[in-house]
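These are the residues of each chain, in order.
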Amino acid sequence: CLQTEKILHLKSHRGRKVRVVREHYLRERVPCYSSLCQADCENDGKVLPGDLTHYVVPDVGVVVDFLEILEFRELQGVVFTQTACQAVQHCKGRRQYNRLRNLIKDPRHDCVLFANEFQEYSYCPREKGESQEKWQTRCVYSAAVWYHNHLAGMKDVVMITEDQDAVAEYSSLNAGVYVISDFLQNFWPELQPAHELYSSISQALQEKESESSQKEYTEHLPAEILEAGIKSGRYIKGTLNINKHHDEASIMTEGLSNKNNDPSWAVLVCGNKNRNRAVHGDTVVVELLPKSEWRGKVTALSEGEEKSGEDNESKPMPTGRVVGILQRNWRDYVVTFPPRDGTQSQSRNSQRILAVPWDRRIPKIRISTQQADALQDHRVVVRIDSWESTSLYPNGHSVRVLGRAGEMETEVQTILIENCIHVPPFSDAQLREMPVNSPEKPWRMDPVQVAERRDLRETHLVFSIDPRGCEDVDDTLSVRSIAGGKLLELGVHIADVTHFVAEGSLTDLEARIRSTTYYLADRRYDMLPAVLSADLCSLLGGVDRYAMSVMWELDAQTLAVNKVWYGRTVIRSSYQLHYELAQALLNGEPAEVPELARLEPEEKDAKLAELNQALETLTHVARHLRAQRDRGGALELEGVEVRAQLDEQRNITALVPRQPLEVHETVAECMIYANHWVARKIQETFPHQALLRRHPPPRQEFFNQLVESAKAMGFTIDTRTNKALADSLDRAVDPQDPLVNKMLRMMATTAMSQALYFSTGLESQDQFYHYGLALDRYTHFTSPIRRYADIVVHRLLTAAIAVERGADSGRAIASNKELEELAQHINSKNRAAQRAQKLSTVLFQCLYFKERDPQTDPQCVADAIVYSIRNNGLLVYIPEYGVKGPVYLKNREGQVVAAGEDGSCEWQSGSLRHYSDRISTTSSCGTSTFRLCDHITVRISVRSTSSHADSLNLEIISNKPHRSAEPQQPHSQGRSQLVQEVVRQAEEAQQQAQEKAARRPKLSREEREFSQSKTPNLYSLLEEVRELALMDLDTAARVCVTSASY
C-alpha cells in the first residue's frame, strides 16, 4: 500500500479559497469485477460477463449529464470509475449520486464500479495548472487503459465522451482502447428510445437559459447557514406539500409544538414567490413571516381559482417563506404539450415549450424540442434539470412519449408514472428462476422437502374460503378436535412463497421493488410471475402444496391457548369454498359442494357432516376472538361488501351489493389471529430486527369534524381512546334514521391515520400498538403472493424457528437500519398503489359519463347525501356510483342556489350563510337550508381539460331526494351498469384498435403482458367499494375495518 497526497482547492462559505491536503493510499490489488480476470482479484458480488464484444467506460461528463441513457439495460459491460461517481456527487447532489449507486448495485444491470483512484497503476495525480475537467478525463482514460491491460488484451475497451478534444488526444494512443463520441450511433443505432432521450438531453443542455440576468426569485441561502439556522430555531425544516386546489402549500414538520389541539402544526406558504422554486415533495427550509402577515388556510371549495379573504380562510396560522432547499425530490412528470399559440420561443434547431404538468401541484416546465408541433395534445414524460433564480419556470427535457391525451392506454400509463409505479414485464432471467409446470413436465414436490416438513395431507381437513372465482388462494384453514374432545387444534396455512423465491434472487429483487400487486380498474400488475401467483403458490383444492403454518392448541371450553406451533408443512386442500357456499352450509341451507358431487350418498353425507362441523367450530372460535378484541377497543367502521358476477372468461361483468356474511368475519379473525401470533414470535426472537405493522392513534384534531357533526345531531363522541370511540359510535344511533350512524362512522374512517410497517429497533414497545385492531403487536403474514412485507415476515419466522431449534438460521437477518429502509420503501409503494387505484376508479367513472348527455340521460341524475359543509358549498356522496365530490352553492358571479317550492334549483342573486352543521342561501325565492345527511338530487357531467385528468362535475338540481319516475331499482343498478358500460366501451375500443392495426402502432410488450384483465378485476373493485359506506341504503350492515388490514 503506497501513501501519497491529494491536494484539494475548496471554497469556504465566505468565499475564501482553502487549500486542503489529504493522505491518499494506493493499492496494487483493486477488484476489477470482470469474469475474464486472470489476476485473482477479489471480485465479490456481481461481475461483468465475458461474452460481450467490449466494455464501456463513460467519461465524467457522460455520467454527469447522460446517466439516464446509461440506465438502459441494453447497454451492458459498463465500468463506472470512482472519478465519475465523485463528480456526480459533487455536481448533481446526493439524490443523483444515490441513483448512480443503486444502478451499480442492481444485479439486473451489467455495470460495476472501479475504484481507479486507489489503483496504483491507474491513479493520475493532478498536474500543476491542469483544469479539473482535463484531469478527470485523463483519469478515466487511464482507467480504461488499465482495464485493457489487466485483462491481457482479451477485451476491447471503449471510452465514451462528449469532449471532442479528448477524442483527438486519446483515440490513437493505445490499441484496443477506443475513445469515441458517437457511441449510440455506432453500437446501438436501433435503440430509438435512447437516441430520442439523448437528443432531448442535448437540447436541454444547449438551451440553458442565459438570455436573462434579471432575478425572478431570491437566491437560496448556503447549506451552512441553513443548518445553523435550523439548530438555533430561526428556520424550520420540513417537506413541502402543495394543495392541488389552492395556491397555497404547507410545510409538514415535527419541529412545531401542537399545544391546545391547534390543528396548524404546519407552516403555511402562500404563492409562488414565497415557495421560491421549491416543488411539491422537496425538503425545504422556511423562515416565519411576522405575525401580522400570517394567514389562514383556504376553507372554501375551489374550481381552480384561488379564493382568499377572511370569510374563506381558517384562523391565522404560522406563515413563512422558503429560504433554502435541502433535498430536491424531483421525479418523472407527465406533461401535455399545449397547442401552439405563437408565443413560444424558438431557435434554429428547436422550440422552447412551456409544457403543462398533469399534476396541478407542479409548475409548468420549459422543454426544448424539435417535435413541438408533432407532440401537441400528447402526454410526454419529462424530467426537471434545473430551476435558476432568473427563470420563472424550471427547465427540463423529455424522456418519452406516452400517447395522445384522452386515450385509455395513455391515461392508465400516466397514472402509473405519476405514482412512480414501474412494472416492466418479468425478464427472461427472472422467469428462468421459476419452476416449470406444464402438461409435458408437471411440477412435483421434492421428497427431501416433504421429509423436512410436517405432512398434514392425511391428518387434517384443510379448506379455503375465498371470493367466488378466486385464483390466487394464499390462505387455508383447518380445525379439529383432539385429546378426546378436551382440546381444539386451529390451523392457518399460508402459501410458502419463500420456498420458490430465494432471498437475493432476481425475482426477489423485482418483488421487493414492486412491494405489492397493483390493482387497477381494468387490469392488475402482479408482484410475482403468474407461475407462482396463480399456480404453484396458490393453495388450490385437491393438489399438494407447500405451506407455512401456525397451529394453536386450544382448551375446548375456554378457548385459552395451551401452545402454539409454527413451521413448514405439506397440505392438500380438500375444499375450495366461496363465501356464499360456506355461509349456506353454516345456515343449514341446501348447497352443492363441487368436491362431493360425484360421491355415493352415504360417503357424501359423512364428508358433508365433517365439513359442517369444521365450519361451525371455526365460527365459534372466531366469535370468541372477535369478542376479545372488542373488549380491547377494536373499531368497527363503515364498509360494504359486494358479489362479483363473472363471465365464462372469469371477467367481472357486474357487482351486486349483498348483506355481509358472518363467514367474512370468521376468515378475517383467523387471519388477524395468525398475524398477531407471528408478530409476537418474530418480535420476541428478534427484538430489534422484526418487521411489524403499527396503526398510530389519529391526531385528536382530525376528529373535529366528527365531534362537531355529532354534536349538531345531539350525540357526544369520545375520541380519547379507541375503546371510547367505539363505544360512543355504538351509542350514536337515531332510531328514525339509520343513515346518521353510517355517516358518523364514515367520518371516523376519514379521520384514521394510516397503518405503517416499521422495524422494531426503531420504536419503543409502547409504539407497536395497532389502534384499529386493538392489538399490542401485529404484522402481515397471510398474503405473501401479493405483499412483499409478508415475504419478509415469512423469512423472519423461518429464522426464528431455526433459532428455537438451535439450528443455523441461514442468511444473516437484516439489520435494524436495513429493515427500516425496507419498511419505508414498502409504505411508500403501498401509498402509491392506493393512489393509483383511486385515480383508476375516477378514470373509469369519467369514461362512463363522458359519452352521455347530462341534460337528457337519466343515468346522469342521481341521489346524493351531504356529508360535509364548506363555506361556499357541500361535499356529497352518491351511493349509486360510489362518487364523492363538491356541490357549489355559490358561483363565480356571486349568484347562489335558490330552491323553488317543488325543490328545483336555479342560480339567482342572493347571499349565503355558513354554520357548522348547515348552510343557507337567501334569494328572492326565500331561504334554502342544507344540512348534514340531507338527500339532494344532482346532475353528473364530466369536466374535461387537455392537460389534466378528467373530473366529474356535480350540480344540484333539486334540494329533495331523487325519485326516478321508473320503478325503484336496487341501489346496485347504477354501479353494475357503470361496470358493464365501461367493459362494453373497452371491448369496442379494442375492436376498433384491431381494425386500425395496419394504420396504428401496436401496443408495446409491456401493455400486452400487463393488461391482464379486459374488465375490472375483483380485487380493485372490492378495494374501491370498501370505503363506500352508503351504497345500500336499505341495510345497516357494518363490516369490521380490519378486513382491509389482514
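Calculation criteria
Residues numbered from 1 in each chain as written. Predicted model: local features only at pLDDT ≥ 70, side-chain atom pairs only at ≥ 80, totals over all residues. Heavy atoms only, no water. Helix = DSSP H or I, 4+ residues; strand = E, 2+ residues; numbered from the N terminus. Areas by Shrake-Rupley, 256 points an atom, 1.4 Å probe, with all protein chains shown as cover. Axes fitted to C-alpha atoms, helices over the stretch in contact; angles between N-to-C directions. Parallel < 35°, antiparallel > 145°, perpendicular 65-115°, else oblique. Contact = heavy atoms within 4.5 Å. Nonpolar A, V, L, I, M, F, W, Y, C, P; charged D, E, K, R; others polar. Salt bridge = Lys/Arg side-chain N within 4 Å of Asp/Glu carboxyl O. Buried < 20%, exposed > 50% of the residue type's maximum accessible area, 1.4 Å probe, protein only. pLDDT = per-residue confidence, 0-100. Expected span 1.5 Å × (residues − 1). Polar contact = N/O pair within 3.5 Å; in protein donor to acceptor, adjacent residues only side chain to side chain. Pairing = 2+ DSSP bridges. Phe/Tyr/Trp six-rings, centres within 6.5 Å; stacked < 30°, edge-to-face > 60°. Patch = residues over 30% accessible without salt bridge, like charges linked within 9 Å, V, L, I, M, F, W, Y side chains within 5 Å. Lys, Arg positive; Asp, Glu negative; His and termini not counted. Charge placed at Lys NZ, Arg CZ, Asp CG, Glu CD. Core = buried A, V, L, I, M, F, W, Y, C linked by side-chain atoms within 4.5 Å. Domains from an automatic or database assignment.

### A word on the overall build of the protein
- Each helix and strand in the protein was counted, giving 27 helices and 41 strands.
- Carbon together with sulfur atoms contributes 47% to the accessible area of the protein, which is approximately 48900 Å² in total.

### A short note on the packing of helix α17 (residues 579-586) against helix α19 (residues 662-685)
- It is at 8 Å that the axes of α17 and α19 come closest, and there the two elements cross at 105°. Comparing their axes, α19 and α17 come out roughly perpendicular. Residues Tyr579, Ala582, Gln583 and Leu586 of α17 lie in contact with α19, whose contacting residues are Glu662, Val663, His664 and Val667.
- Split by residue class, the contact of α17 with α19 holds five nonpolar, two polar and one charged.

### Some points on the pattern of salt bridges
- Considering all chains together, one arrives at 47 salt bridges under this definition.
- Measuring nitrogen to oxygen at the nearest pair gives 2.9 Å for the salt bridge that ties Glu418 to Arg331. Highlighted residues: Glu418 in helix α11 (residues 408-418) and Arg331 in the loop between β12 (320-327) and β13 (333-336), separated in sequence by 87 residues.
- In this structure Glu418 comes out as buried when scored by relative accessible area, which is 9%.
- For Arg331, a relative accessible area of 19% puts it in the buried group.

### Quick notes on the confidence of the model for the protein
- Mean pLDDT over the protein: 83, with 83% of residues reaching 70 or higher.
- Between residues 639-647, whose pLDDT stays under 50, and residues either more than four places distant or in other chains, the model counts 38 contacts.
- Predicted confidence is poor over residues 649-658, with pLDDT under 50, and the contacts of this stretch with residues over four places away or in other chains come to 49 contacts.

### What to know about helix α18 (residues 601-632)
- The end-to-end C-alpha distance of α18 is 47 Å, a good match for the 46 Å that 32 residues give at a rise of 1.5 Å each.
- Considered for burial, the residues of α18 that qualify are Leu611, Asn612, Ala614, Leu615, Thr617, Leu618, Thr619, Val621, Ala622, Leu625, Arg626 and Arg629.
- Immediately beyond the C-terminal end of α18, within one or two residues, lies Gly633, with a positive phi of roughly 110°.

### What about the side chain of Asp522?
- For Asp522, the position within the fold is in the loop between β23 (518-519) and β24 (524-525).
- Here Arg523 takes part through its side chain, which lies 2.9 Å from a polar atom of the side chain of Asp522.

### Concerning the sheet that holds strand β37 (residues 910-914)
- Strand order across the open sheet formed by three strands is β37-β38-β39, with antiparallel pairing between neighbours. Looking at strand neighbours, the two that pair on one side only are β37 and β39 (926-931), the edges of this open sheet. Strand after strand, the sheet turns through a mean of 15° between neighbouring axes, direction not considered.
- Two elements, strand β38 (residues 918-923) and β39, share six bridges in a ladder whose sense is antiparallel. When the bridges of β39 are listed, Thr922 appears paired with Thr927.

### Concerning the packing of aromatic side chains
- Taken as a whole and judged by the stated rule, the model has 17 aromatic pairs.
- Both rings, one in Trp443 and one in Tyr546, keep their centres 5.7 Å apart while their planes meet at 90°; by these two values the pair is edge-to-face. Here the residue Trp443 occupies a position in the loop between α12 (428-432) and α13 (447-452), and Tyr546 occupies one in strand β25 (residues 544-555), the gap between them amounting to 103 residues.
- Members of the aromatic cluster, connected to one another through ring pairs, are Tyr55, Phe114, Trp146 and Tyr147.

### Observations concerning the sheet that holds β12
- Here five strands make up an open sheet; going across it, the order is β10-β9-β8-β11-β12 and the pairing antiparallel. With one partner strand each, in any of the chains shown, β10 (267-270) and β12 form the two edges of the open sheet. Pairs of neighbouring strands in the sheet enclose a mean axial angle of 40°, with direction left out of account.
- Two strands pair when backbone bridges link them, and strand β9 (residues 248-252) and β10 are joined in this way by four bridges, in the antiparallel orientation. The residue bridging Ala249 from the neighbouring strand is Val269, located in β10.

### Quick look at the pairing of β38
- Relative to β38, β37 is paired through five bridges, and the arrangement is antiparallel. Looking across to β38, one finds that His914 is bridged to Ile919.
- Taking the residues between adjacent antiparallel strands as the criterion, β38 and β39 are bridged by two residues.

### Description of a positive patch on the surface
- Side chains of Lys244, Arg360, Lys838 and Lys884 sit close together on the surface and give a patch of like positive charge.
- Looking at the element boundaries, Lys244 is found in the loop between β8 (235-242) and β9.
- Judged by its relative accessible area of 52%, Lys244 is exposed.

### Overview of unusual backbone geometry
- Despite not being glycine, Asp40 has its phi angle at roughly 55°, a positive value.
- Among the structural elements, Asp40 can be located in the loop between β2 (17-26) and β3 (54-58).
- Given a relative accessible area of 63%, Asp40 falls into the exposed group.
- Of note in this structure, Ser515 is not a glycine but carries a positive phi near 75°.
- Looking at where Ser515 falls in the secondary structure, it is placed in the loop between α15 (506-514) and β23.

### Some remarks on the environment of Ile201
- Among the structural elements, Ile201 can be located in helix α8 (residues 192-206).
- Residue classification places Ile201 among the buried positions, given a relative accessible area of 4%.
- Between the C-alpha atoms of Ile201 and Ile367, which are 166 residues apart in sequence, the distance is 9.9 Å.

### Some words on the pairing of strand β4 (residues 78-81)
- Here β4 shows two buried faces, one formed by Val78 and Phe80 and the other by Val79 and Thr81.
- For β4 and strand β5 (residues 111-114), the ladder comprises four bridges, and the chain directions are parallel. Looking across to β5, one finds that Val78 is bridged to Cys111.

### Observations concerning a negative patch on the surface
- The grouping of Glu600, Glu602, Glu603 and Asp605 at the surface amounts to a negative patch.
- Relative to the assigned elements, Glu603 resides in helix α18.
- According to the relative accessible area criterion, Glu603 is partly exposed, its value standing at 38%.

### Let's talk about the nonpolar core
- Counting residues in each nonpolar core, the largest one holds 89 residues, and the members touching the most others are Phe463, Ile465, Trp552, Leu577, Leu691 and Phe781.
- Lining this core are residues from two domains, each supplying at least three of them: domain 3 (428-640) and domain 4 (662-848).
- Setting aside residues up to four positions removed in sequence, Leu577 forms contacts with Phe463, Ser464, Ile465, Asp466, Ala582, Val593, Leu611 and Leu615.
- Grouped together as the second largest cluster of nonpolar side chains are 64 residues, Ala84, Tyr147, Leu151 and Leu191 included.

### Looking at the side chain of Arg275
- By secondary structure assignment, the location of Arg275 is in helix α10 (residues 272-275).
- Each residue touching Arg275, except ones within four places of it in the same chain, is listed here: Leu240, Ile242, Asp247, Glu248, Ala249, Val269 and Val322.

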